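# Observations on the three-dimensional arrangement
Residues per chain, in single letters:
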Amino acid sequence: MAGLREVIQDLDADGDELDALLASLTPEQWATPTPAPGWTIAHQVAHLAATFRMAGLAAADPEGFKNLAGSLGPDFDANVHAALSQFLPDPPAVLFDRWKAERTAASKALAAADPAGFVPWLVNPLPPSILASAGMMEMFAHGQDIADALGVRRTRTERLGHLVAFAVRTWDFGYLARGLTAPAEQFRFDLVSPAGTRWGFGPEDATQRVEGPAEDFCLLVTRRRHHSDLALVATGEHAAQWLEIAQAYRGPAGEGREAGQFSQGS
């Protein structure tokens, strides 16, 4: 597992890359619809700002975060809309500045946390490096929606390793989201990084296996591509089912993307 310092550096690098994309947008482009139904680019950034605000609060003020988490209602969608409403009314330039401020504050708070300790979070406390990796997952997912809305092909780096490790750690979230029981048998994940390095997780002799490009794996677990549009291969009945339900986040799965909505490799 990567150390906290490395994860934070890569979190910042991912944020800088996303900010470079956003900085080139005109005010009108912030209203561009994204593949997420009903969400514009502004919605995507507002969601990221709200998420990073919570992460920063969790790391800097655990009691304050617990009070905030305790005020959330049982309706997941209502909580999301309430969080968005704190940022969406802002003009694009203000929203952009607020997003940058929230991610900077979260990064600094997580970097200052005890690497061996835990930070409170919505379901269970997490090590700060894991919460930072979750932040990278959020930026990957919502950044992909923004890139798709703009017709931009993103360049991937070995920083994807943090998201891959996080998704392997949370491999059962798709079952939990649907009220299903995860298989008792461990999976083997054999993935190829953007630089061609092989990343392996799980027993080497496992009969349930998922293999393919790490980028495709990340697109799958963030539900930004349908599994049939990805170069991932599943071996075993459970692994094949997993491709259909995989997600690396808690809460409802959402609509995901339809088969054929994006060509393979786009």
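Please refer to the structure higher up on the page.
Let me begin by describing the structure that accompanies this report. (Residues numbered from 1 in each chain as written. Predicted model: local features only at pLDDT ≥ 70, side-chain atom pairs only at ≥ 80, totals over all residues. Heavy atoms only, no water.)

## A few points about the overall build of the protein
Under the convention used in this document: A run of H or I in DSSP becomes a helix once it reaches four residues, and a run of E becomes a strand once it reaches two; helices and strands are each numbered from the N terminus. Throughout, the radius of gyration refers to the C-alpha atoms, and the reference size of a globule is 2.2 Å times the residue count to the power 0.38. Here the term buried applies to any residue with accessible area under 20% of the maximum for its type, exposed to any over 50%, and partly exposed to those in between, with areas from a 1.4 Å probe on protein chains only. Residues count as neighbours in contact if any of their non-hydrogen atoms are within 4.5 Å of one another. The method behind every accessible area is Shrake-Rupley, applied with a 1.4 Å probe, and residues are considered shielded solely by the protein chains displayed. Charge counting follows a simple rule: Lys and Arg are positive, Asp and Glu are negative, and His as well as the terminal groups are ignored. Charge coordinates come from a single atom per side chain, which is NZ of Lys, CZ of Arg, CG of Asp or CD of Glu.
Along the backbone of the protein there are 10 helices and four strands. The order of α-helices and β-strands along the protein, N terminus first, is α-α-α-α-α-α-α-α-β-β-β-α-β-α. Over its C-alpha trace the protein gives a radius of gyration of 18 Å, about what one expects of a compact globule, namely 18 Å for 266 residues. The dimensions of the protein, computed from C-alpha atoms along their principal axes, are 50 × 40 × 35 Å. Of all 266 residues assigned to the protein, the portion counted as buried reaches 50%. When contacts within the protein are restricted to residue pairs at least 6 apart in sequence, long-range pairs at least 24 apart make up 66% of them. As presented, the protein carries roughly 12200 Å² of accessible surface, and 54% of it is formed by carbon and sulfur atoms. Averaging the positions of the 21 positive and the 33 negative side-chain charges in the protein gives two centres separated by 2 Å.

## Thoughts on the pairing of strand S1 (residues 187-192)
We apply this condition: One bridge is not enough; two strands pair if DSSP finds at least two bridges between them.
Burial analysis of S1 places five of its six residues in the buried class, the great majority of the element. Judged from the six bridges that link them, S1 and strand S3 (residues 208-213) form a sheet pairing that is parallel. Bridging from a neighbouring strand, Phe187 pairs with Gln208 of S3. Of the strand pairs in this sheet, S1 and strand S2 (residues 198-201) are connected by four bridges, and their pairing is antiparallel. Bridge pairing links Leu191 to Trp199 in S2. Hairpin remark: S1 followed by S2, antiparallel, with five residues in the connecting loop; positive phi at Gly196, about 95 degrees.

## Notes on the nonpolar core
One recurring pattern in soluble globular proteins: nonpolar side chains tend to sit buried together. Put simply, the rule is: Residue types Ala, Val, Leu, Ile, Met, Phe, Trp, Tyr and Cys, when buried and joined through side-chain atoms within 4.5 Å, form a set referred to as a nonpolar core.
Counting residues in hydrophobic clusters, the biggest one holds 73 residues, and the most contacted among them are Leu22, Trp30, Val45, Trp99, Val164, Phe217 and Trp242. Here this core takes 12 residues from helix H2 (residues 41-60), the largest share from any one element.

## Thoughts on the pattern of salt bridges
Note the cut-off: A pair is scored as a salt bridge if a Lys or Arg side-chain nitrogen falls within 4 Å of a carboxyl oxygen belonging to Asp or Glu.
Enumeration over the complete set of coordinates arrives at 16 salt bridges. Residue Asp97 pairs with Lys100 through a salt bridge whose shortest N-O separation is 3.6 Å. Here Asp97 pairs with Lys100, and both are found in helix H5 (residues 92-111), just three residues apart, close to one helical turn. Taking the relative accessible area as the measure of exposure, Lys100 reaches 29% and is therefore partly exposed. A salt bridge links Arg225 to Asp148, with the shortest nitrogen-to-oxygen separation between them at 3.0 Å. With Arg225 in the loop between helix H9 (214-221) and strand S4 (233-235) and Asp148 in helix H6 (residues 128-150), this pair connects stretches of sequence that are 77 residues apart. Like Arg225, the residue Asp148 is buried in the burial classification.

## Let's talk about the packing of H2 against H5
Applied cut-off: Working convention: axes come from line fits to C-alpha atoms, limited for helices to the stretch in contact. Angles between N-to-C directions cover 0 to 180 degrees. Roughly parallel means an angle under 35 degrees; roughly antiparallel, over 145; roughly perpendicular, 65 to 115; everything else is oblique. Crossing chirality is assigned from the near helix's rotation relative to the far helix, an anticlockwise turn below a right angle marking it left-handed and a clockwise turn marking it right-handed. All residues other than Ala, Val, Leu, Ile, Met, Phe, Trp, Tyr, Cys, Pro, Asp, Glu, Lys and Arg, Gly among them, are scored as polar; the first ten of these are nonpolar and the last four charged.
The N-to-C vectors of H2 and H5 enclose an angle of 30 degrees; their axes lie 8 Å apart at closest approach. With respect to each other, H2 and H5 are oriented roughly parallel. Helix-helix and strand crossings are classified by hand; for H2 and H5 the assignment is left-handed. Mapping the contact onto sequence places Ala42, Val45, Ala46, Leu48, Ala49, Phe52, Arg53, Ala55, Gly56, Ala59 and Ala60 in H2 and Leu95, Arg98, Trp99, Glu102, Arg103, Ala106, Ala109 and Leu110 in H5. Broken down by class, the residue content of the contact of H2 with H5 amounts to 14 nonpolar, one polar and four charged.

## A few points about the sheet that holds S2
Pairing within the open sheet is mixed, and its four strands lie in the order S2-S1-S3-S4. The sheet is open, and its two borders are formed by S2 and S4, each paired with just one other strand. Each neighbouring strand pair of the sheet contributes to a mean axis angle of 10 degrees, computed without reference to strand direction. Here helix H7 (residues 160-169) sits on the sheet and contacts S1 and S2; the angle it forms with S2, its principal contact strand, is near 20 degrees.

## What about the packing of aromatic side chains?
Centre distance and the angle of the planes are the two values used to describe a pair of aromatic rings. This is how it is decided: Think of it this way: a Phe, Tyr or Trp ring, Trp meaning its six-membered ring, pairs with another when their centres are within 6.5 Å, and the plane angle makes it stacked under 30 degrees, edge-to-face over 60, tilted otherwise.
The full count for this structure, using the stated rule, is 10 aromatic pairs. Centre to centre, the rings of Phe52 and Trp99 are 5.1 Å apart; their planes meet at 90 degrees, and the pair counts as edge-to-face. Taken together, the residues span a long stretch of sequence, with Phe52 in helix H2 and Trp99 in helix H5 at a distance of 47 residues. Relative accessible area serves as the criterion here: at 4%, Phe52 is assigned to the buried category. With 6.4 Å between their ring centres and 70 degrees between their planes, Phe187 and Trp242 make a pair best called edge-to-face.

## Overview of unusual backbone geometry
The phi dihedral of Arg223 is positive, around 60 degrees, even though this residue is not glycine. One can find Arg223 in the loop between H9 and S4. Its relative accessible area of 14% is what places Arg223 among the buried residues.

## Examining H6
The test is simple: What a helix should span is 1.5 Å times the count of its residues minus one.
Taking 1.5 Å of rise per residue, 23 residues should cover 33 Å, and H6 covers 32 Å from first to last C-alpha, within 8% of that figure. Burial analysis of H6 places 21 of its 23 residues in the buried class, which makes it a mostly covered element. Phi for Gly151, located one or two positions after H6, is positive at around 70 degrees.

Function cannot be read off these values alone, since they describe shape.
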